Amino acid sequence: MSYDHKEIEEKWQKRWSESQVFRTLDNSDKPKSYVLDMFPYPSGEGLHVGHPKGYIATDVYSRFKRMNGYNVLHPMGWDAFGLPAENYALKNKVHPRVAVEKNIATFKEQLSHIGFDYDWSREINTTDPKFYIWTQWIFLQMFKKGLAYQSNEPINWCPSCMTGLANEDLDGNVCERCGTEVVKKSLPQWVLKITQYADRMLSDLDTLQWPDYIKEAQRNWIGKSEGVEIIWEIVTKEGSSMGSTISTFTTRTDTIPGVTFLVLAPESDYVQKTVVPGQRESIDAYVAKTLSKTEIERQTSKEKSGTFTGSYAKNPFTEAIVPIYLADYVLAGYGTGAVMGMPGHDARDREFATLFNLPTLFTTNIPEGITDKDIYSGEGKQINTGEEYDGLLNIEAGEKIFAHLKEKGKAHTRTLYRIQDWVFSRQRYWGEPIPIIHCPKDGAVGVPEDQLPVLLPEVESYEPSDTGESPLASIDSWVQTTCPQCGGPAKRETNTMPQWAGSSWYYLRFMDTHNDQSAVSAQLEKYWGPVDVYVGGDHAVRHLIYARFWHKFLFDIGLVSTQEPFARLEFLGFILAEDGRKMSKRYGNVINPNDVIAKYGADAFRVYEMFMGPFENTVAWSTASIEGTTRFIERVWKLAERLGESDADAVETLLNQTIKKVSNDIESFKFNTAVSHLMILMNAFEKKESISTRQYELFLQLLSPFAPHVTDELWERLGKTDSVHVSKWPSPDENKLQAPLVSIGVQVNGKVRGTVTLSPEATKEEALALAKTDPGIARWLEQGRVEKEVYVPGRIISFVVI
Ligand code: ANZ
């Protein structure tokens, strides 16, 4: 019998689908395991061999969990709204809905060959009104709670995509999608108050089993900064009050005694309070120049610039009078938009002071070894502050200075976050309509829940426009409506939601896909939530920040019972092309999984992707290596011809050790070492005349999550009536994890002088050490110098003494 992967794989894919073995049951006494991939957006290019790596991993894991007695939820769906789908549709001149349907069909066809255990009855698509009704419903709940609000603040606008973007959609200051530099534009926007959840999103990171670097990326994105606001009186050069004050935000109160100037952001409201008549012209020119720069340019610019306001401020601690400047390195949107200039210990302030010839003072004693050019901002003893403070650690001195200023009413604590509220409107067609009606009398009114979903209407032209209005604005019959509150004429909101909306809660819908009464029922959410293992290789901040935010909100309104959506996260490394570059149509190096599977089979493909390196590593594809896994599967197949009656005792220990190692490895996502343990066992089997059917069965079970088709076929050929995938995962026999001890002779200069009893797996060091501590042997070794040591495992130890 020869191994025909095509025939076997088609047979089992059909069988699994007909018998519905992988259908997930909701009413089960078993413990649950919810295993989820970051669902794909169905691009027009289809899948390349890199995409399924994570899907194969969750498939291995979910099969393993099922065999371990868990009720497994392992679903798949489509994240199909948003700019990528819309841009593809525009480029190819088809309606986004048509494009998405076609792309989903391609993706499904490709996935179908890989042999996944998805329960397709739970398939979701974020662009399906039955799905997005609940995305709209969640938005309405946020609106009711004041978490969705309207704003006219300038936002990031991509002139090429012609839409507003959230900070999370930027790469530096360019649009993450198309690489165009964004500009600031004021448009009426819906914004979600994610900042209200910043603290909880930070502290709950500690409860998550996530890679540390992802947690760190989240912490940095949220960017909590605990500091102090200091109040400065605006004065003339001579020190007389001008009747108003400036607050500066600082994290370094210890440096207050060394402040030699203040700097304001050019957009700051303080500017008008400080500018003196003679300076008006230069100030106006400087403000205009700043406004033409992007925020990133301002922050990263090597050259400092600025201009003097003509006013001064009185240091609340030392009462020194210092000049007030404008400079574009101070950001209007952070803190108070004003900073105290401390050139002694802050690099940007030093550059500025150098430019304007301002004095530099120090408040920390700079430790030995720091050269003058370095700006020292670390720990050290306080200096130049006065008897009471000098000699203290600078941090302690800072606390004391703060306490003193606080008592005088000149300082209070303030916590800042880098994360900004989430700009949630997109001026594009292919998104969920925002369920709001604008009434001239009642303002923004939520669409009544019983009128959801607000369906995305058909438009003639869904091309974006640069007017700042979405294509929906041109459909008058859709826009004109009545106010749900007063019944008067009103207009629909025409902006749509960003592509991140559906993915912010989709994992809940898989728990209760067909519920038309609520997003998810309390009972099913309680059973299935949270996601036990979430797998993906992108969105370290964005999607994971948004989903955590929505989840916490849904917790607050009682829809979900857990604080966090994804208990454990596994991040994968990408697969590069054989040439070491990213796999891309542009480089012509894309490999389609269909071609690989046609040639080598899905099982070989799956085993290869899991074997190619540690899961979290980025590794290049290698066709030569997949040939290796194909041969491995052929050898598994051939082994069926060598089955005998009794156990091959010599492999029992290795078999039990392999059961233990493979189990631990799959649980901890070490798939490559799991496969290599199976290969080692395979080699050992092949060295035996025969192995028992029982030993072969155990091997097939261990291999089945990786190579599900061939193992089910061989399992059936052993006379089993149920699929190997519903068999019980083997546990190792604890008594057989260690090989039985053997006694071997110890020779000294060719004569046997004693025996030692040890494991046949003992290393050379262990074996020699054991022999040397035996008094009967040591006596002979002490006769001279040991010249040579030989250990033949299971046979002999030999010393040559001269
Ligand atoms: C004086 C000082 C001395 C500072 C020193 C630092 C070091 P984080 O930790 O990121 O919150 N700052 C405050 N508001 C700013 C703004 N709108 N634009 C630019 N810079 C601003 O940083 C807080 C520090 O950033 C503050 O502490 C302030 O400079 C500066 F040796 O005050 B510091």
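All of these numbers come straight from a predicted model, not from anything done at the bench.

So, on to the sheet that holds strand β25 (residues 566-571). Spatially, 4 strands are ordered β2-β1-β24-β25 in an open sheet, and the strand pairing comes out parallel. Looking at the sheet topology across the chains shown, the edges are occupied by β2 (71-73) and β25. Ignoring strand direction, the axes of neighbouring strands in this sheet form an average angle of 20°. Bridge analysis of strand β1 (residues 32-37) against strand β24 (residues 531-536) gives 3 bridges, and the strand direction is parallel. When the bridges of β24 are listed, Leu 36 appears paired with Tyr 534.

The next point concerns the packing of aromatic side chains. Following the criterion strictly, the structure yields 48 aromatic pairs and no others. Ring centres 5.0 Å apart and planes at 40° place the aromatic pair Phe 116 and Tyr 118 in the tilted group. Feature note: the residues Phe 139, Phe 143, Trp 190, Tyr 197, Trp 422, Phe 424, Trp 500, Tyr 546, Phe 549 and Trp 550 constitute an aromatic cluster, connected by ring pairs. Sitting over the ring of Tyr 329, Lys 304 keeps its end group 5.3 Å from the ring centre. One residue, Arg 492, lies across the ring of Trp 478, its end atom 5.6 Å from the ring centre.

Its location among the elements puts Ser 311 in strand β15 (residues 307-314). At 2.2 Å, the side chain of Ser 311 and the backbone oxygen of Thr 274 are in polar contact. The residues touching Ser 311, leaving out its near neighbours within four places in the chain, are Ile 234, Val 235, Met 242, Thr 274, Val 275, Val 276, Pro 323 and Ile 324.

Moving on to the domain arrangement of the protein. Split into domains, the protein comes out as domain 1 (29-214 + 500-572), domain 2 (224-417), domain 3 (593-734) and domain 4 (742-801). Placing the centre of domain 3 and that of domain 4 at their C-alpha centroids yields a distance of 38 Å.

For the rest of this paragraph, the subject is the sheet that holds strand β30 (residues 742-748). The 4 strands are arranged β31-β30-β33-β32 in an open sheet whose pairing can be described as mixed. Each edge of the open sheet is held by one strand with a lone partner, namely β31 (751-758) and β32 (786-792). Between one strand and the next, the sheet's axes are offset by a mean angle of 20°, whatever the strand orientation. Two elements, β30 and strand β33 (residues 796-801), share 4 bridges in a ladder whose sense is parallel. The partner of Gly 745 across the bridge, within β33, is Ile 796.

Here the focus is empty space enclosed by the protein. By the definition in use, this model includes 3 cavities of 30 Å³ or more. Computed from the structure, the largest cavity encloses a volume of approximately 70 Å³. Considering the residues around the largest cavity, the lining is formed by Gly 82, Leu 83, Glu 86, Arg 426, Arg 428, Trp 430, Gly 431, Thr 496, Met 497, Pro 498 and Gln 499. Its residues placed into classes, the lining of the largest cavity shows 4 nonpolar, 4 polar and 3 charged.

Cut-offs applied
- Residues numbered from 1 in each chain as written.
- Predicted model: local features only at pLDDT ≥ 70, side-chain atom pairs only at ≥ 80, totals over all residues.
- Heavy atoms only, no water.
- Pairing = 2+ DSSP bridges.
- Helix = DSSP H or I, 4+ residues; strand = E, 2+ residues; numbered from the N terminus.
- Axes fitted to C-alpha atoms, helices over the stretch in contact; angles between N-to-C directions.
- Phe/Tyr/Trp six-rings, centres within 6.5 Å; stacked < 30°, edge-to-face > 60°.
- Lys NZ or Arg CZ within 6 Å of the ring centre and 35° of its normal.
- Polar contact = N/O pair within 3.5 Å; in protein donor to acceptor, adjacent residues only side chain to side chain.
- Contact = heavy atoms within 4.5 Å.
- Domains from an automatic or database assignment.
- 1 Å grid on protein atoms, 1.4 Å probe; cavity = no way out; pocket = protein on both sides within 12 Å on 5 of 7 lines; lining within 4 Å.
- Points joined across faces, edges and corners; volume = space filled by probe spheres on them.
- Nonpolar A, V, L, I, M, F, W, Y, C, P; charged D, E, K, R; others polar.

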